[in-house]
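Single-letter residue listing:
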Amino acid sequence: MFDKISLADAANLPMWRRPITLLFVMAAALPIAFSTWFALLNNFVVEVASFDGADVGLLHTVREIPGFLAFGVIFVIILIREQVLALTSLILLGLATAVTAWFPTLGGILMITLLSSIGFHYYETVNQSLQLQWLDKKRAPKLLGWITATASASTLVVYVLIVMTWESLGLSYNFVFLATGGVTAAIALFALLAYPQFESPTQQVKKMVLKKRYWLYYALQFMAGARRQIFIVFAGFMMVEKFGFDVHELTGLYLINLVANMAFGPVVGGIVSRFGEQRTLLVEYIGLVVVFLAYGGLYYFGWGVMLAMVLYVVDHLLFSMALALKTYFQKIADPEDMAPTAAVAFTINHIAAVFLPVLLGLLWLVSPAAVFVLAALMAAVSFGLAMLIPRHPEKGNETRLVGRWPVAAE
């Protein structure tokens, strides 16, 4: 279980035991629990705990606290290897998801959500670091696209099963949470026992790393986190509150979305490889401006449910282009900075997440359209920042301002 092997020697292992395969296994395991939780959450909290918009905002604020504290990963990996931390975090996520329905009150849901969120965010932080360490720079965009497609395929299986069996078999929230959370935990435990510990060629810095030359990456991460919260918290909630979607209907929408993302995921990697990080991110951000303004129009002009469903799918397709932000950092960063910067970036990404959901939950009670207009403004700011990404980013050429502003230096 604790055998150590270098990445070079790992090439001699059977294909199923190699580092890249492990990345795909983890990518498939995560959505089984998390996507189930996400698919059932809005209906569960409305039907079982009678949540309103403010309660939903509070729930997501609590859920994002571990993300804000993701810099703690830097100190944890002093004691635990990144690979072990990723898999134990995945086990925690699975177990917490499994018992979600056992706590059908506001306080209980907040508590179990906090535990599952610790597992999710610590896993995601370390997983991003492992991806950037284990994947070759030239192959990273396409492999990340395929990893994204794998996660989408796993989610697709979950959603198909929910749509096909929720009503026909009369499933309960408790049964579905237990089954899917248990599967994720079991897969993670198997991976913990079956795979050797892979040694990266560069020893990671195990302390807080903040470098001036990474400032544009930090700024884009902050805006991405703020913008993402509005979509995660309120897009699905809108479908339930405004359009009255039931569990199988909302999951059906997620299903359509997943099929689109499975097809688009590998394409995104090719787009990044061919057109570069800047152009990819510019397309994402200008597209999100249009989508969020259209979300606002759904409330202001009373547009119908079909447009809402189309916007939801387009929204997800645009978000998948954010893998360009990962490869941008991989190109400009020192190899030993992957782990500490992934942790710091997650914290920066979640700064707004700690206070935005609860504040916007209150704004939602007054004007749902205003919430989405604010998201459009955030996407516009991201577009302006992305204009500063060079055509060919690398160390020493992190932004278009290098050589003009001293802030771009180390």
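Residues numbered from 1 in each chain as written. Predicted model: local features only at pLDDT ≥ 70, side-chain atom pairs only at ≥ 80, totals over all residues. Heavy atoms only, no water.

Draft legend 1. Region of the structure containing the overall build of the protein. Along its length, the protein carries 15 helices and 2 strands. Its C-alpha radius of gyration of 21 Å places the protein within 12% of the 22 Å reference for a compact globule of 410 residues. Each principal axis of the C-alpha atoms in the protein carries an extent, and together these give about 50 × 50 × 35 Å. A burial count over the protein gives 57% of its 410 residues as buried. Total accessible area computed for the protein in this model is approximately 16,000 Å², and 71% of it derives from carbon and sulfur atoms. (Helix = DSSP H or I, 4+ residues; strand = E, 2+ residues; numbered from the N terminus. Rg over C-alpha atoms; globule rule 2.2 N^0.38 Å. Buried < 20%, exposed > 50% of the residue type's maximum accessible area, 1.4 Å probe, protein only. Areas by Shrake-Rupley, 256 points an atom, 1.4 Å probe, with all protein chains shown as cover.)

Draft legend 2. Molecular detail of the packing of aromatic side chains. Inspection of every chain in the model, using the stated rule, returns 16 aromatic pairs. Here Tyr214 and Tyr218 contribute two aromatic rings whose centre-to-centre distance is 6.3 Å and whose plane-to-plane angle is 80 degrees, an arrangement assigned as edge-to-face. The class for Tyr214 is buried, based on a relative accessible area of 0%. A residue is classified by how much of its surface remains accessible, and Tyr218, at 11% relative accessible area, is buried. (Phe/Tyr/Trp six-rings, centres within 6.5 Å; stacked < 30°, edge-to-face > 60°.)

Draft legend 3. Inspection of helix H13 (residues 338–349) at higher detail. Across its 12 residues, H13 extends 16 Å between first and last C-alpha, which sits within 8% of the 16 Å expected from 1.5 Å per residue. H13 sits mainly inside the fold: 12 of its 12 residues count as buried. Buried within H13 are the following residues: Met338, Ala339, Pro340, Thr341, Ala342, Ala343, Val344, Ala345, Phe346, Thr347, Ile348 and Asn349. (Expected span 1.5 Å × (residues − 1).)

Draft legend 4. Highlighting the environment of Val99. On the secondary structure map, Val99 appears in the loop between helix H5 (82–98) and helix H6 (106–134). Taking the C-alpha atoms as reference points, Val99 and Gly182, 83 residues apart in sequence, are found 9.4 Å from one another.

Draft legend 5. Looking closely at the pattern of salt bridges. Within the structure shown, the criterion is met by 6 salt bridges. Between Arg213 and Glu398 there is a salt bridge, with its nearest N and O atoms 2.8 Å apart. Of this pair, Arg213 sits in the loop between strand E2 (197–199) and helix H9 (215–241) while Glu398 sits in the segment after helix H15 (368–386); the two residues are 185 residues apart in sequence, bridging distant segments of the chain. Given the relative accessible area of 2%, Glu398 is considered buried. Here Glu277 ties to Lys331 by a salt bridge, and the two come within 3.1 Å at their closest N and O atoms. Remark: Lys331 occurs in helix H12 (residues 323–332) and Glu277 occurs in helix H10 (residues 247–300); sequence separation between them is 54 residues. Through salt bridges with shared partners, one network takes in Lys211, Arg213, Asp334, Lys395 and Glu398. (Salt bridge = Lys/Arg side-chain N within 4 Å of Asp/Glu carboxyl O.)

Draft legend 6. How the structure looks around the nonpolar core. Ranked by internal contacts, the top residues of the largest apolar core, which has 130 residues, are Phe292, Tyr295 and Tyr312. Per-element accounting of this core gives the leading share, 17 residues, to H10. In contact with Tyr312, other than residues within four places in its own chain, are Phe38, Phe231, Ala235, Gly236, Met239, Leu253, Tyr254, Asn257 and Tyr295. (Core = buried A, V, L, I, M, F, W, Y, C linked by side-chain atoms within 4.5 Å. Contact = heavy atoms within 4.5 Å.)

Draft legend 7. Quick peek at the side chain of Thr97. Relative to the elements of secondary structure, Thr97 occurs in helix H5. Here Thr97 is in contact with Ala33, Trp37, Ser116, Phe177 and Gly181, once residues within four sequence places are set aside.

Draft legend 8. View of the environment of Ile109. Assignment of secondary structure puts Ile109 in helix H6. Given the relative accessible area of 1%, Ile109 is considered buried. Residues in contact with Ile109, not counting those within four places in the same chain, are Phe44, Val45, Ala49, Phe51, Leu59, Phe103 and Pro104.

Draft legend 9. Spatial organisation of the environment of Ala188. Mapped onto the secondary structure, Ala188 falls in helix H8 (residues 173–194). For Ala188, a relative accessible area of 1% translates into the label buried. As a C-alpha pair, Ala188 and Arg391 span 203 residues in sequence and 39 Å in three-dimensional space. Discounting chain neighbours no more than four positions away, the residues touching Ala188 are Leu87, Leu90 and Ile91.

Draft legend 10. Layout of helix H11 (residues 305–319). An ideal rise of 1.5 Å per residue puts 21 Å on 15 residues; H11 measures up with 21 Å between its terminal C-alpha atoms. Looking at H11, one finds that the buried residues are Ala308, Leu311, Tyr312, Val313, Asp315, Leu318 and Phe319.

Draft legend 11. Region of the structure containing the confidence of the model for the protein. Here the protein averages 83 in pLDDT, and 94% of its residues register 70 or above. Across residues 404–410, confidence stays below pLDDT 50; counting only partners more than four residues off in sequence or on other chains, it has 13 contacts. (pLDDT = per-residue confidence, 0-100.)

Draft legend 12. Region of interest: the packing of H9 against H15. The interhelical angle for the contact between H9 and H15, taken along N-to-C directions, is 155 degrees, at an axis separation of 10 Å. Comparing their axes, H15 and H9 come out roughly antiparallel. Of the two elements, H9 crosses H15, and the hand of that crossing is left-handed. The segment H9 lies against H15, with Leu216, Ala219, Leu220, Met223, Ala226, Arg227, Ile230, Phe234 and Met238 engaging Val371, Phe372, Leu374, Ala375, Met378, Ala379, Val381, Ser382, Leu385 and Ala386. (Axes fitted to C-alpha atoms, helices over the stretch in contact; angles between N-to-C directions. Parallel < 35°, antiparallel > 145°, perpendicular 65-115°, else oblique. Left-handed = near helix turned anticlockwise from the far one by under 90°.)

Draft legend 13. Molecular detail of the packing of H5 against H6. Remark: H5 packs on H6, axes separated minimally by 8 Å, with the N-to-C direction vectors making an angle of 150 degrees. The orientation of H5 with respect to H6, classified from their angle, is roughly antiparallel. Here H5 and H6 pass one another in a crossing that is left-handed. In terms of residue class, the contact of H5 with H6 is made up of 15 nonpolar, 7 polar and 1 charged. (Nonpolar A, V, L, I, M, F, W, Y, C, P; charged D, E, K, R; others polar.)

Draft legend 14. Fine view of the side chain of Ser129. Considering the arrangement of structural elements, one finds Ser129 in helix H6. At a separation of 2.7 Å, a polar atom in the side chain of Ser129 contacts the side chain of Glu82. (Polar contact = N/O pair within 3.5 Å; in protein donor to acceptor, adjacent residues only side chain to side chain.)

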